[in-house]
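Single-letter residue listing:
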Amino acid sequence: MSHSTGYAIGLFLAAAVAACAPDGDQLLGGGGNGGPNGSGDPNAQGAPGTSGGPGDATPPTLECTAKPQGRAYIGFDGADMSAARDNENVGINRARLKPYAAMQSEYQRVLGLVPPSLAGSAESFDSPPPRWFIEARQTGVSLSAIFDISFEGCIAFTKDAADYAAMPDATSAATMCTSLMKKAWNRTPSPDESAACVTLATSQLASEANPRRRWAYVCASVLSSSNFLTF
Amino acid sequence: MSRSRDQRRVRLASEDGLRLSRRGILKGALAAAGAAAGVRLAGRGFEGEAQAATETSHFVHIFMNGGLNALFAGCANQFLTNGTFGVTSSNVKNVGGGVYTDLGTFGTFSPFALSHWGAVGIRHLNALHTTPQNLNSGGEHAILKDGSNCYLNELAHAMGGDSAFKAVYFGDRPPAYQDQPTYQGVPLQRVSDLGDAIKALGAATPDPNAPDRTLAASALAAAQAASKRQIAANPGQLTPLTDAYDTAEAGLRKPPPKPVTFSDISTAYGLGGKTAVTSYAAMLAGAEVMIRAAGTNVVNITDFGLASWDFHQTSGGASLNGTYSREKMLGTSGFGANRIAPIKTFIDRMLDLPDRNVVVCISGELVRLPSGDHGDGTVAAMFGKYVKQGVSFGVDSNARFNSSTPGVKPFWAAAAAALKVPGQPFGANPHPLFT
């Protein structure tokens, strides 16, 4: 690609982005992990709506709200080559499921250990053979398997730590849910995201009498969310 | 976006069908230890497992992608006079009721299957293959797509019931090469590991260290709630996750069925303890697992490879399709796995159960012509306890269909009739063998 071509494409993209998302923070509520408004630092934190902060705002629209200002390109057959261009807002449709090959280091990063059953679960993650590529995907069966693997890791993760010795209450659940989510998701959870976790910990798991095991369910839930399973 | 993803998912074309499939070269067996450990033998005695007061129906579509020669599907007699496709009096079997087939392959099915074999012609008028480059056309698309929907989960929806996994598929790519949309709450989901499936369905022996199923369902519901915003903002890749969460939760909340042991399944289908669905036999075994453990309505099994049954070879102008197809079915001459053996196993174990109405349909998307080329329809071999023996709109000696041969929707109407689906979800059924 020549410099002039690259420069032209750069100008076009800049114009299209501006037309799509004049204020990214308003659309996406921030978001770390190098997101459209993020700093690029996956561990960066910030206040709501700011770089690296919790993404608590649902995008008002998945599509551009203004027509991109880029030029049209007419092909040899007279057709407008930009007519079929996807109309999507900035930051939309970027998430992709992590491949199996990434999961060992991901569990290690979050839990400090790798669940033993992960080693024999390549097919659960639809892992491709060497030198082949398959876009990862999840189904009901595989998500259930992922939960089991996560639960196994979380049982070991919560086994000795003092934080998990007592039953969760509203305060400890909020603290631990946020902490786990930050660590697993590389961003601060939004209030509704953490609320789901707190409700799980404090009420929906009430029949589990073992506090460490109850925390393990909470931990496995965080690790079974799309926020952990995607990058 | 999903199209390009599916294109990436498809492995290199296997033009002659002789190459090993991508899954066939998956290295490293998923050792049976995980799934086999701790499960107990149940034997074959599941005949008495009454899941409901009434008989449940299940449809298993075994798809030979690239084309199933009509000589196998019930019309072998049409090729006898001219010896087309190598058919001779010594390699053809008169099944009865006008059904003729290849003696060494389909002709080896059980007497019960042979006496409940209805061959049904489908004239869809598309003689092309559906491929990643031809997603919106071709025979596979014609047979499986109903507008933007897919007949497979349309049928699963019409069949009703309360299975958490109403429609599933086995294979290395989705039916018709693209993720099929959820139809009225019924997704079509892939199963890639039988051990996972048995555990997810609660059909394995309870493990005291495993998560409680109800609590796990609650935890997954919380995970889904926490994922809601991200899924909404990434519909291209993550929309199927919603179905996955729903299905996983629903499966966990269901009372566990009678145990389905992987060791029993592995022995019956000769899986050698491998839970990964990387073999043809594993796909048939998976169909049994999903029917017995999940009560799945519709199972699609598509052979590995891109149009891997597309044998165009000729000799002296005569098609060798019959010979190559037979060899592939039997796993001879370098074709690897025997396909007929696990199909027979499945049929032997599942077709004549007292509490289930299992309908097995074996088809490709195209019949083969004596010239070696494709026809513009297919003949499906349908087996089921309520299927009458016979041929409904077969092909002639040139493997051509009569112009009066019904199309695709009537085929699905026939399947619905064989399954005893109430009403006529696909319109009137013109095939009297299926009532």
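In the block above lies the structure referred to throughout.
Residues numbered from 1 in each chain as written. Chains lettered and ligands numbered in written order. Predicted model: local features only at pLDDT ≥ 70, side-chain atom pairs only at ≥ 80, totals over all residues.

Quick word on the packing of helix α6 (residues 191-204) of chain A against helix α8 (residues 213-233) of chain B
Packed helices, taken two at a time, are described by their axes: the angle between them and the distance between them.
Consideration 1: Look at α6 of chain A against α8 of chain B: their axes get within 8 Å of each other, and the N-to-C directions meet at 165 degrees. Judged by the angle between their axes, α6 of chain A and α8 of chain B are roughly antiparallel. Viewed along their axes, α6 of chain A and α8 of chain B form a crossing whose handedness is right-handed. For the pair α6 of chain A and α8 of chain B, the contacting residues are E193, A196, C197, L200 and Q204 of chain A in the first and S218, A219, A222, A225 and A226 of chain B in the second.
Consideration 2: Tallied by class, residues from the contact of α6 of chain A with α8 of chain B come to seven nonpolar, two polar and one charged. (Axes fitted to C-alpha atoms, helices over the stretch in contact; angles between N-to-C directions. Helix = DSSP H or I, 4+ residues; strand = E, 2+ residues; numbered from the N terminus. Parallel < 35°, antiparallel > 145°, perpendicular 65-115°, else oblique. Left-handed = near helix turned anticlockwise from the far one by under 90°. Contact = placed C-beta atoms within 7 Å. Nonpolar A, V, L, I, M, F, W, Y, C, P; charged D, E, K, R; others polar.)

Thoughts on helix α10 (residues 262-269) of chain B
Consideration 1: Burial in α10 of chain B covers these residues: F262, D264, I265, S266 and Y269 of chain B.
Consideration 2: Just past α10 of chain B, the residue G270 of chain B takes up positive phi, approximately 65 degrees. (Buried ≥ 20, exposed ≤ 12 C-beta atoms within 10 Å, placed from the backbone.)

What about the pairing of strand β9 (residues 298-302) of chain B?
Residues and elements named next belong to chain B.
Consideration 1: Burial of β9 is extensive: five of the five residues sit out of reach of the surface.
Consideration 2: In terms of strand pairing, strand β7 (residues 167-170) meets β9 through four bridges, oriented parallel. In the strand pairing of β9, A167 is matched with V298. (Pairing = 2+ DSSP bridges.)

Here we look at the nonpolar core
Consideration 1: Counting 182 residues, the largest nonpolar core has C197 of chain A together with L155, M290 and A415 of chain B as the members making the most contacts within it.
Consideration 2: Here this core takes 12 residues from helix α11 (residues 280-294) of chain B, the largest share from any one element.
Consideration 3: Discounting chain neighbours no more than four positions away, the residues touching M290 of chain B are F165, V168, V191, A197, T296 and V299 of chain B. (Core = buried A, V, L, I, M, F, W, Y, C linked by C-beta atoms within 7 Å.)

Things to note about the interface of chain A and chain B
Consideration 1: Contacts between the two partners involve 49 residues from chain A and, on the opposite side, 55 residues from chain B.
Consideration 2: Listed by contribution, the elements that provide at least two residues to the side of chain A that touches chain B are α4 (140-157), α6, α7 (211-223) and α8 (226-229) of chain A.
Consideration 3: In terms of residue count, the dominant contributor to the side of chain A that touches chain B is α4 of chain A (nine residues).
Consideration 4: Residue composition of the side of chain A that touches chain B, by class: 21 nonpolar, 19 polar and nine charged.

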